[in-house]
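Chain residues, written in single-letter form:
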Amino acid sequence: MNDYPILQPAVALMIWTMIMWAWMYATRIPAMSKAQVDMDQLVRDPSKSLDHTLPANVQWKSHNHNHLHEQPTLFYAVVIVLVLVGAGGPDNALLAWIYTGLRVAHSLVQATANKVMVRFVLYAIASVVLMVMIAKAAIAVF
């Protein structure tokens with residue numbers, strides 16, 4: 001029995017991050033092969049970038065994979081804090097699921113159509129949800 005349902009959305013976001021990793025490489029490796037990218041030359045020349053070499057829609061997946069290692073690190077930390085203080089129950093789990101859902105939606109938008117305003121709205125709402133989670137952790141800790 002899972003006494004901490006808040007862990008489920010955290011693990012779901014970890015799984016999603018690995019799905020984005022697989023999607024990134026499934027599109028990037030063939031594109032790099034087609035573009036005949038010389039990886040050794042790429043790393044030696046600071047002016048070179050895959051952003052200038054590969055199609056934008058291929059790079060969108062890579063950019064999103066990077067984004068999933070930025071703000072979500074705070075999400076994972078706040079989930080751990082909430083569990084440690086005994087506040088990992090259904091109310092905070094719902095917030096965590098909302099955050100995870102918004103991040104997945106953000107990924108899908110960025111990796112496909114990459115509409116910046118849609119991404120921004122999803123990111124902004126997810127950020128507010130995360131701020132609420134952090135405030136709840138702060139109240140519980142302090």
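Just so it is clear, the model here is predicted, and its values are computed rather than measured.

Next up on the list: the overall build of the protein. For the protein, the count of helices and strands is 7 helices and 0 strands. Reading the helices (α) and strands (β) of the protein from amino to carboxyl end gives α-α-α-α-α-α-α. In the protein, the proportion of contacts linking residues at least 24 apart, taken out of those at least 6 apart, comes to 78%. Carbon and sulfur atoms make up 69% of the accessible area of the protein, which totals about 8200 Å².

Let us now look at the packing of aromatic side chains. Taken as a whole, this structure holds 3 aromatic pairs when the rule is applied. Ring geometry for Trp-21 and Tyr-25: centres 5.3 Å apart, planes at 70°, overall edge-to-face. Linking Trp-21 with Tyr-25, this pair stays in helix H1 (residues 7–34), spanning 4 residues, or about one helical turn. Aromatic rings pair up to connect Phe-75, Tyr-76 and Tyr-99 into one cluster.

Following both chains from N to C, one finds helix H5 (residues 72–84) and helix H7 (residues 116–141) inclined at 35°, their axes separated by 10 Å at the closest point. Classified by chirality, the crossing of H7 by H5 is left-handed. For the pair formed by H5 and H7, the contact residues are Leu-74, Phe-75, Val-78, Val-79, Val-81 and Leu-82 on the first element and Leu-130, Met-133, Ile-134, Lys-136, Ala-137 and Val-141 on the second. When grouped by side-chain class, the residues that make up the contact of H5 with H7 number 11 nonpolar, no polar and 1 charged.

Conventions used here
Residues numbered from 1 in each chain as written. Predicted model: local features only at pLDDT ≥ 70, side-chain atom pairs only at ≥ 80, totals over all residues. Heavy atoms only, no water. Helix = DSSP H or I, 4+ residues; strand = E, 2+ residues; numbered from the N terminus. Contact = heavy atoms within 4.5 Å. Areas by Shrake-Rupley, 256 points an atom, 1.4 Å probe, with all protein chains shown as cover. Phe/Tyr/Trp six-rings, centres within 6.5 Å; stacked < 30°, edge-to-face > 60°. Axes fitted to C-alpha atoms, helices over the stretch in contact; angles between N-to-C directions. Left-handed = near helix turned anticlockwise from the far one by under 90°. Nonpolar A, V, L, I, M, F, W, Y, C, P; charged D, E, K, R; others polar.

Limitation: the analysis is restricted to geometry and does not speak to function.
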